[in-house]
Amino acid sequence: MGCRDVNEEWEFRFLYDNDLEAFVSKEYPQYLPLFRILEGVYMADMARILLVYHYGGIYMDADFYCHRPFDCLIHQILANELKHYKGNDMLVVSREPPMHEHLFRHKDRVVIQDFFLATPKHPFFKWLLDDRMEKLDEDKLGTRGPFSYSIERDIDRYRAYGIRSGHGNHSLDDLLDSKYFLTAGGIYELPA
C-alpha cells in the first residue's frame, strides 16, 4: 500500500517547477532571487521549506512508503511524546538511523529533510530562508547548494540564536533540563 492508500482523508499535492515558481512569485517574492538561481534538487529543497512554512502539514520525498496512517504518528506517538509541550509552533524532523549516521556520514546525529511536519509559519523556516538570503547577498552559498541534505547544524544554530536572543526567557534550570532540549526552538527530532 502507498501513502495515499492508508491516508485517504489527507490531501496530497505534487507540484512542478513552473507551479513552484508561480507560488514563490506570488507568496514570497522576497525569496525569488534565491529561488531563481537554484536548479533541480536545490530548487526542490527550497520549495519544500517554503510550502510547509506557508501551509503547514507533512512533507515527504516521493519515494516514501507508509506502513500506517499519518494519524498513528500524530495522535499516538507525537501526542504522547509532546504531551507537556506548551508552544504554538512545532516542527517535527526525522533522523537517519544510527548505522547511516556513523557509517555514511561519520556523525552521531544526522537530521534529514526528506520527511518533516510542521505547523504553518514555523519560525525556524523563516530564519533558515533569511539566513540563506543573507548568504546569497554575501556570495557565500558555496557549491553544494544553500539547503543541504542534513539540517542538524541549522537546527543547532537556530536553537542557539533563540537562547542568545532570550526567546522564551528560559531560566538556567530550564536550559540544563534535558527535556528542554527535546523541543527547544519548537523543534522535535523523531528518534531514528
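Keep in mind the model is a prediction, meaning the values are calculated, not measured.

A. Representation of the state of the cysteines within the structure. Within this structure, the stated rule accounts for one disulfide. Across the disulfide from Cys 3 sits Cys 66; the S-S distance is 2.0 Å. Taking the sign of the S-S torsion, 90 degrees for the link of Cys 3 and Cys 66, the bridge is right-handed. One end of the pair, Cys 3, is in helix α1 (residues 3–6); the other, Cys 66, is in the loop between β1 (57–60) and α5 (70–81), and 63 residues separate them in sequence. Grouping residues by exposure puts Cys 3 and Cys 66 together as buried.

B. Expanded view of the packing of aromatic side chains. What the rule picks out here adds up to 13 aromatic pairs. Here the aromatic rings of Tyr 28 and Tyr 31 are separated by 6.3 Å at their centres, their planes lie at 35 degrees, and the arrangement is tilted. For the pair Tyr 28 and Tyr 31, a shared accessibility class is recorded, and that class is buried. Taken together, the ring pairs connect Tyr 59, Phe 116, Phe 124, Phe 125, Trp 127 and Tyr 158 into an aromatic cluster. When the ring centre of Tyr 55 is taken as origin, the NZ or CZ atom of Arg 13, which lies over that ring, is 4.6 Å away. The ring centre of Tyr 53 lies 5.2 Å from the NZ or CZ of Lys 121, which sits over that ring.

C. Quick peek at the environment of Asp 61. Inspection of the secondary structure puts Asp 61 in the loop between β1 and α5. Through-space distance from the C-alpha of Asp 61 to that of Phe 115 is 6.6 Å; in sequence the pair is 54 residues apart. In contact with Asp 61, other than residues within four places in its own chain, are Arg 48 and Asp 114.

D. Focus on the side chain of His 122. Here His 122 is to be found in the loop between β3 (111–118) and α7 (123–137). Residues in contact with His 122, not counting those within four places in the same chain, are Tyr 53, Asp 89, Met 90, Leu 91, Gly 185, Gly 186 and Ile 187.

E. Summary view of a nonpolar patch on the surface. A surface patch of nonpolar side chains, about 360 Å² in accessible area, is lined by Met 99, Leu 103 and Phe 104. One can find Met 99 in helix α6 (residues 98–103). Residue classification places Met 99 among the exposed positions, given a relative accessible area of 55%.

F. Here's a closer look at the sheet that holds β1. With mixed pairing, four strands are arranged side by side in an open sheet as β1-β3-β2-β4. Of all strands in the sheet, those bounded by a partner on one side alone are β1 and β4 (187–189). This sheet shows a mean twist of 25 degrees between the axes of neighbouring strands, independent of strand direction. Both β1 and β3 contribute to a ladder of four bridges, which runs antiparallel. Pairing of Met 60 across the sheet is with Phe 115, part of β3. In the packing of helix α4 (residues 40–55) onto the sheet, the strands contacted are β1 and β3, and the crossing angle to β3 comes to about 20 degrees.

G. Main features of the packing of α4 against α7. Running from amino to carboxyl end, α4 crosses α7 at an angle of 145 degrees, the nearest separation of the two axes being 9 Å. α7 is crossed by α4, and the crossing has left-handed handedness. From α4, Met 46, Ile 49, Leu 50, Val 52 and Tyr 53 reach across to α7, where they touch Phe 125, Lys 126, Leu 128 and Leu 129. Taken together, the residues that form the contact of α4 with α7 break down as eight nonpolar, no polar and one charged.

Basis of the calculations
Residues numbered from 1 in each chain as written. Predicted model: local features only at pLDDT ≥ 70, side-chain atom pairs only at ≥ 80, totals over all residues. Heavy atoms only, no water. Disulfide = S-S within 2.5 Å. Helix = DSSP H or I, 4+ residues; strand = E, 2+ residues; numbered from the N terminus. Buried < 20%, exposed > 50% of the residue type's maximum accessible area, 1.4 Å probe, protein only. Phe/Tyr/Trp six-rings, centres within 6.5 Å; stacked < 30°, edge-to-face > 60°. Lys NZ or Arg CZ within 6 Å of the ring centre and 35° of its normal. Contact = heavy atoms within 4.5 Å. Patch = residues over 30% accessible without salt bridge, like charges linked within 9 Å, V, L, I, M, F, W, Y side chains within 5 Å. Areas by Shrake-Rupley, 256 points an atom, 1.4 Å probe, with all protein chains shown as cover. Salt bridge = Lys/Arg side-chain N within 4 Å of Asp/Glu carboxyl O. Pairing = 2+ DSSP bridges. Axes fitted to C-alpha atoms, helices over the stretch in contact; angles between N-to-C directions. Left-handed = near helix turned anticlockwise from the far one by under 90°. Nonpolar A, V, L, I, M, F, W, Y, C, P; charged D, E, K, R; others polar.

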